[in-house]
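Letter by letter, the chains look like this.
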Amino acid sequence: MTRKDSEKEIFVNGRLCLLGEHSDWSGSFRSQNDTIARGCTIVAGINYGLYARAYRLEEPVLRVRSTKDTGEVEECEYPMDENVLIESAKRGGFWSYAAGVAYVIATEFEVKGLYLDNYKTTLPLKKGLSSSAAFCVLVARAFNVCYGIGLTQRGEMRIAYDGERLTPSQCGRMDQAVAFGTTTVRMIYDGDLLKVERMRVGETLYMVLVDLKASKDTVEILSKLQRAYPIAQTEADRHLHRLLGDMNLDITDRATMYLAEGDMEKLGRLMSEAQEMFDEMAGPMCPSQLGVRGSPVLHQLLSYEPIQEYIYGGKGVGSQGDGSAQFVCKSAEAQQRVCDVLHASEFDVSCMTVTLPKTT
């Protein structure tokens, strides 16, 4: 097969967790402690992502070229050798994700080599929008379509998740929701079981994502929070179990209802409520990254007076911390006003608009 015959064009979008962050991995601990409540997240695929071309290679090697959202280009190459791939994944760093996914592919399927050119990226990296998960799904999908493996979206999601778990990143399954494309889904985590439901959006939802251009350490956040699992040892641990358990199920149930009814005002207020709960009960577990002290830029922005008239509410994104913020806006005009006000403000931030259309 020639390169022309096998070359495929691929796009993998990022995702925005509206509510329920961290309950994906907490719910997975039910396999070790069934007193832990199920996890539940509400996740929307967004139109920012990774664009790539890929084709098969006859030589057993993985060659990857990646163009970051800054325009910076990097390249790597790995032999399709299981020992090399697993060691490269464990070392961490950006390329560990490609190595981890390639390892899973190599152990499960008869493949040779692959060339993957991620020639354009519109998804900001390390901002809580699942850039690493999108990259993992991109590698899995490239092998899938170039070799005709026949994986479903759920299959690509599983390969990507298994590959990312081989790296130092202790992600949860929610991040691989990018495999479902630009749709809004409710994901329920019960030990090793995952249930995915497509959601109804009763009215158009106008949002603004804000890249805070600050710093956050997702690995540290996950490490500190996951110390409370699977068995709560302290009162603070028990608070976190409640937050990510029954309290989160109540929040996501209400969000599901508000989205279906198209009541975006209540949804925005619910986001602000969820943020306050997270600050109070998760913040003390990782004070260097979370809460008012650990994520000062996020909290200054959430309470920034000049945008309050245009929004219903807002909260942090992804693992939380000073990565990104999300706001529910009152209209399309208000959405643009939030961007204009913030770009003219003293904050060094960049804004992206996200619009979730009404579903039929």
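Look up a bit, the structure's there.
Presented here is a report on the structure given in the accompanying data block. Just so you know, these numbers come straight off a predicted model, no measurement behind them.

### Re the sheet that holds strand 10 (residues 324–329)
Move 1: Sheet architecture is open: four strands sit in the order 9-10-8-11, paired in antiparallel fashion. Each edge of the sheet is formed by a strand with only one pairing partner; in this case those strands are strand 9 (311–316) and strand 11 (350–356). Across this sheet, the average inter-strand angle for adjacent strands is 20°, counted without regard to direction.
Move 2: Running at roughly 35° to strand 9, helix 10 (residues 264–281) makes contact with strand 8 (205–211), strand 9 and strand 10 of the sheet.
Move 3: Running at roughly 170° to strand 11, helix 13 (residues 332–343) makes contact with strand 8, strand 9, strand 10 and strand 11 of the sheet.

### Here's the deal with the pattern of salt bridges
Oppositely charged side chains can form a pair if their charged atoms are brought close together.
Move 1: Evaluation of the coordinates by the stated rule reveals 22 salt bridges.
Move 2: For Arg30, the salt bridge is made with Asp190, and the minimal N-O distance between the two is 2.6 Å. You can see Arg30 sitting in the loop between helix 2 (23–28) and strand 2 (39–57) and its partner Asp190 sitting in strand 6 (residues 184–190), a full 160 residues away along the chain.
Move 3: Residue classification places Arg30 among the partly exposed positions, given a relative accessible area of 22%.
Move 4: Among the salt bridges present, the one from Arg254 reaches Asp250, with a minimum N-O distance of 3.0 Å. Linking Arg254 with Asp250, this pair stays in helix 9 (residues 246–261), spanning four residues, or about one helical turn.
Move 5: The exposure class of Arg254 is partly exposed, given its relative accessible area of 21%.
Move 6: What emerges from the salt-bridge pattern is a single network uniting Arg186, Lys195, Glu197 and Asp253.

### Concerning the side chain of Thr121
Move 1: Relative to the elements of secondary structure, Thr121 occurs in strand 5 (residues 113–121).
Move 2: When its relative accessible area of 10% is taken as the criterion, Thr121 is described as buried.
Move 3: Separated by 2.6 Å, the side chain of Thr121 and the backbone oxygen of Thr67 make a polar contact.
Move 4: Here Asn118 takes part through its side chain, which lies 3.3 Å from a polar atom of the side chain of Thr121.
Move 5: In this structure Thr121 touches Gly49, Leu50, Thr67, Lys68 and Asp69, once residues within four positions along its chain are discounted.

### Re the pairing of strand 3 (residues 61–67)
Look at any regular strand and the pattern is simple: side chains alternate between the two faces of the sheet.
Move 1: For strand 3, a buried count of five out of seven residues is recorded, marking the element as mostly surrounded by other parts of the structure.
Move 2: Note that strand 3 and strand 4 (residues 73–79) share seven bridges and pair antiparallel. Bridging from a neighbouring strand, Val64 pairs with Cys76 of strand 4.
Move 3: Taken together, the five bridges between strand 3 and strand 5 define a ladder with parallel strand orientation. Of the residues in strand 5, the one forming a bridge with Arg65 is Asp117.

About the cut-offs
- Residues numbered from 1 in each chain as written.
- Predicted model: local features only at pLDDT ≥ 70, side-chain atom pairs only at ≥ 80, totals over all residues.
- Heavy atoms only, no water.
- Pairing = 2+ DSSP bridges.
- Helix = DSSP H or I, 4+ residues; strand = E, 2+ residues; numbered from the N terminus.
- Axes fitted to C-alpha atoms, helices over the stretch in contact; angles between N-to-C directions.
- Contact = heavy atoms within 4.5 Å.
- Salt bridge = Lys/Arg side-chain N within 4 Å of Asp/Glu carboxyl O.
- Buried < 20%, exposed > 50% of the residue type's maximum accessible area, 1.4 Å probe, protein only.
- Polar contact = N/O pair within 3.5 Å; in protein donor to acceptor, adjacent residues only side chain to side chain.

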